[in-house]
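A closer look at the structure
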Amino acid sequence: MKPINFIASLLLTAAFAVAAFAQLPTDKIDAYVQQEMQSKRIPGVAIAIVRNGELAYAKGYGLASVEHKVAVKPETIFQSGSVGKQFAATAVMMLIADGKLALDDPITKHLKDAPAAWEKITVRHLLTHTSGMTDYPPNFDYRRDWTEDELLKEIAKISPAFAPGEKWSYSNMGYVTLGILISKVTGKFYGEFLQERIFKPAGMATARIISEADIVPNRSSGYRLVNGELKHQAWVSPALNTTGDGSLYLTVLDLAKWDAALYGEKLLKRASLDLMWTPVKLNDGKTAPYGFGWSLNEVRGQRLIEHGGSWQGFKSAIARYMNDKLTVILLANLAQVDPSAFAHGVAGVINPSLAPEPPKPIEDKEPQVTAKLQQLLKELTAGTAKPDDFTPEFAAQLFPVGAKEGSKMLKTLGTLSDVALLRRSERNRLQGYSYRLKFEKAIIKCSLILNAAGKVAGLNLEPE
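These numbers were taken from a predicted model, which means no experiment stands behind them. (Residues numbered from 1 in each chain as written. Predicted model: local features only at pLDDT ≥ 70, side-chain atom pairs only at ≥ 80, totals over all residues. Heavy atoms only, no water.)

1. Some details on the pattern of salt bridges
Here the structure, examined in full by the defined rule, presents 15 salt bridges. With a shortest N-O distance of 2.6 Å, Arg-320 and Asp-259 are connected by a salt bridge. Taken together, the residues Arg-320 in strand β14 (residues 314-321) and Asp-259 in helix α7 (residues 252-261) connect sequence positions 61 residues apart. On the basis of relative accessible area, Asp-259 is assigned to the buried category, the value being 0%. If you follow the salt bridges from partner to partner, you end up with Glu-379, Lys-386 and Asp-389 in one network. (Salt bridge = Lys/Arg side-chain N within 4 Å of Asp/Glu carboxyl O. Helix = DSSP H or I, 4+ residues; strand = E, 2+ residues; numbered from the N terminus. Buried < 20%, exposed > 50% of the residue type's maximum accessible area, 1.4 Å probe, protein only.)

2. Structural notes on the sheet that holds strand β9 (residues 248-250)
Pairing in this open sheet of three strands is antiparallel, and the strands run β5-β9-β6 from one edge to the other. Only two strands of the sheet have a single neighbouring strand rather than two, namely β5 (78-79) and β6 (208-209). For β6 and β9, the ladder comprises two bridges, and the chain directions are antiparallel. When the sheet's bridge partners are listed, Ile-209 is paired in β9 with Leu-248. (Pairing = 2+ DSSP bridges.)

3. A short note on the packing of aromatic side chains
Scanning the entire structure with this criterion turns up 15 aromatic pairs. Between Tyr-142 and Trp-311, the aromatic rings sit 6.3 Å apart at their centres with planes inclined by 50°, giving tilted as the arrangement. A residue pair is termed long-range when its members are at least 10 positions apart, and Tyr-142 in the loop between α3 (123-128) and α4 (148-156) and Trp-311 in strand β13 (residues 302-311) qualify at 169 residues. A relative accessible area of 28% places Tyr-142 in the partly exposed class. Ring centres of Phe-390 and Phe-399 lie 5.5 Å apart, and the angle between their planes is 70°; on these two criteria the pair is classed as edge-to-face. Taking relative accessible area as the criterion, Phe-390 reaches 3% and is therefore assigned buried. Taken together through their ring pairs, the aromatic side chains of Tyr-136, Phe-140, Tyr-142, Trp-146 and Trp-311 make up a single cluster. Taking NZ or CZ as reference, Arg-144 lies 4.2 Å from the ring centre of Trp-146, over its face. (Phe/Tyr/Trp six-rings, centres within 6.5 Å; stacked < 30°, edge-to-face > 60°. Lys NZ or Arg CZ within 6 Å of the ring centre and 35° of its normal.)

4. Thoughts on the nonpolar core
Membership of the largest hydrophobic core comes to 74 residues, with the highest contact counts inside it found for Phe-87, Ile-107, Leu-127, Trp-258, Met-276 and Trp-294. Looking at this core, the element that brings in the most residues is helix α2 (residues 85-97), giving eight residues. If we ignore the near neighbours within four places in the chain, the residues touching Trp-258 are Gln-86, Phe-87, Thr-90, Ile-198, Met-204, Leu-267, Trp-294 and Ile-318. Grouped together as the second largest cluster of nonpolar side chains are 32 residues, Ile-47, Ile-49, Tyr-57 and Ala-347 included. (Core = buried A, V, L, I, M, F, W, Y, C linked by side-chain atoms within 4.5 Å. Contact = heavy atoms within 4.5 Å.)

5. Comments concerning the pairing of strand β2 (residues 44-51)
β2 sits mainly inside the fold: seven of its eight residues count as buried. Direction of pairing for β2 relative to strand β3 (residues 54-65): antiparallel, over a ladder of eight bridges. Bridge pairing in β3 places Gly-44 opposite Gly-62. The antiparallel pairing of β2 with β3 creates a hairpin that spans two residues between the two strands, and Asn-52 there sits at a positive phi of about 50°.

6. Considering the sheet that holds strand β17 (residues 430-439)
Pairing is antiparallel in the open sheet, where four strands are placed in the order β16-β17-β18-β19. One side of each edge strand has no neighbouring strand; the edge strands of this open sheet are β16 (416-427) and β19 (456-463). Between one strand axis and the next, the sheet turns through 15° on average, direction left out of account. With eight bridges joining them, β17 and strand β18 (residues 443-450) adopt antiparallel strand pairing. Note that in β18 the partner of Gln-431 across the bridge is Leu-450. (Axes fitted to C-alpha atoms, helices over the stretch in contact; angles between N-to-C directions.)

7. Some thoughts on unusual backbone geometry
For the bond from Phe-399 to Pro-400, the omega torsion is -5°, close enough to zero to count as cis. On the secondary structure map, Pro-400 appears in the loop between α11 (392-398) and α12 (401-411). Even without a glycine there, the phi angle at Asn-218 is positive, about 70°. Here Asn-218 shows up in the loop between β6 and β7 (223-226). Owing to a relative accessible area of 35%, Asn-218 belongs among the partly exposed residues under this scheme. In this structure, Lys-325 is a non-glycine residue whose phi angle is positive, near 50°.

8. Overview of the environment of Lys-386
Locating Lys-386 in the fold gives a position in the loop between α10 (367-382) and α11. It is 34 Å that separates the C-alpha atoms of Lys-386 and Gly-81, two residues lying 305 residues apart in sequence. If we ignore the near neighbours within four places in the chain, the residues touching Lys-386 are Glu-379 and Phe-399.

9. Here's the deal with the packing of helix α1 (residues 26-40) against helix α9 (residues 339-350)
For any two helices packed against each other, the geometry is given by the interaxial angle and the distance between the axes. Contact geometry of α1 with α9 gives a least axis separation of 9 Å together with a crossing angle of 155°. The angle between the axes of α1 and α9 places the two elements in the roughly antiparallel class. Between α1 and α9 lies a crossing of right-handed hand. Here Lys-28, Ile-29, Tyr-32, Val-33 and Glu-36 of α1 lie close against α9, whose contacting residues are Ala-341, Phe-342, Gly-345, Val-346, Val-349 and Ile-350. Per-class residue counts for the contact of α1 with α9 are eight nonpolar, one polar and two charged. (Parallel < 35°, antiparallel > 145°, perpendicular 65-115°, else oblique. Left-handed = near helix turned anticlockwise from the far one by under 90°. Nonpolar A, V, L, I, M, F, W, Y, C, P; charged D, E, K, R; others polar.)

10. Looking at α9
Relative to the 16 Å expected for 12 residues at 1.5 Å per residue, α9 spans 17 Å between its end C-alpha atoms, a close match to the ideal helical length. For α9, the tally of buried residues reaches 11 of 12 residues, placing the bulk of the element in the interior. Looking only at α9, the buried set comprises Pro-339, Ser-340, Phe-342, Ala-343, His-344, Gly-345, Val-346, Ala-347, Gly-348, Val-349 and Ile-350. Structurally, α9 contributes buried residues whose contacts are with α1, β2, β13, β14 and β15 (326-332). (Expected span 1.5 Å × (residues − 1).)

Next comes the structure, spelled out in C-alpha cells:
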C-alpha cells in the first residue's frame, strides 16, 4: 500500500559495506532498509551500527545523486539537521569546563543589547528548549544572508511564548542563539570552534559546517516530493547553513567516531555527559524527556538517548540504546522520511526486544478535529476535496496530482471502521495529530497538521 505523497517506486542501488560482524543479521537489515526505501521513495540512505563504541557495520543504499546516478556509500556526506544540536550543546559544556560560561548565567551577560524580555533566560534554558523562545516564524526570510548580529536582532523581535522554565517547547531559534553566544564568548566562528575542539579530537575527518560554495567530495543531494515528483531541496542563504541549530556536513562514519568519543572522556568529563543526559526539570518540579541537545526516552525498559534532524531535503538520526551499548545511525536524503522511526526499526531487526511498542490510543479531547479528518478523507476519496481547506503551500503540493492519486489509493482501502488518536503535539503555532485508521483492507498510520486557522498544513497516510 502506498502513501498519498509516495506514488512511484525508485530503483535502489546497494553500495559498499564495511566491517560487518557475522552476528549481525545483515540480510534482514538490508531487506528492512530496502523495503522502507521503496515504500517511502527514498533516493538514498546510509546506516552505521556501533557496538560499545566500535563500528560493527556501515553501508550505503540507493543514490546520493539521482541525476548523476552516484551510489551512496559510508563515506557519503549528508546534512545533519538537528542532530547538530548535540555538538552545540557539547561546545557549551566545554566552555563551562573552561570557566567561560555557567549554566545559570543569564544570556544577557554575554549578548550585548539583548532585549529586556531575555533577562531571566539562562544558558540552561536555551540548551533544554525551556527558554520560551519560539521556532522560525512563518514569514521568516530564509534567503536573506543574515549576519549574526542581524539574526540576533530578528530573534529578539519575537516575544517569548512563556516564562523561562515554565514548560518545554522545541526551539530552533534558541539553538541559533546558542551558536551566536558561543561565537561571542570565544571570539571565533562557531564552526571553527567545533572543528578545533570536537571534530579533530574525535577523529571526525569529514565533519564540518555546511558550505555549498566549497568543493566537498562525496557530497549528496537533498530531495523532497512535490505532487509525487522528486525535486531538489529548497535553497536557503549561506548564512543560515552556519547556525547552531544544525548546519553540519556529516557521514555515518563521522557519527560512529562521535559515538565512540561519548564512551570516554576525551571531549568531556563523565559528569558533564551525565548532566547532558538528565531530563530537564521545569519550574513546577515536573520533568521533560530532554537534556542538552539530546532526547531522552525509553524502549521496553531500555534507556534510549537519541536525536533526529531535518533540513533541506535531508533527514538524520542517532539512537543510542544504553543498556546494550548499541547505536544506530541513519542519514537519508528525502524530506518526507521519519528518520528516528527508521532507525528504531533497524534496531528492532538487530534485537527484536528493541522493536518499538505499538503506540496506544490516547483520550481524544478534540473530537471536532477527528471529525474534520474523517470528512476530509471522504472528500479525498470522492475527489471533491477543496483547495480552500488547505494552506496555500500544502494545496500547491497536493493539487491536482497528489489529490487524484490519493483518491485512487483511498478507494482501494474499503470502509473506514475505526479512528484512534495516538498522539497530539504543538510546535510553531501548528497542531499535529497522529492517528491509526482501520480500514476494511488495511491499517493506516495518519499524520494531520493544522494551522492556527484550522487549515490543513500537512497530511500523510502510510501503511502501519
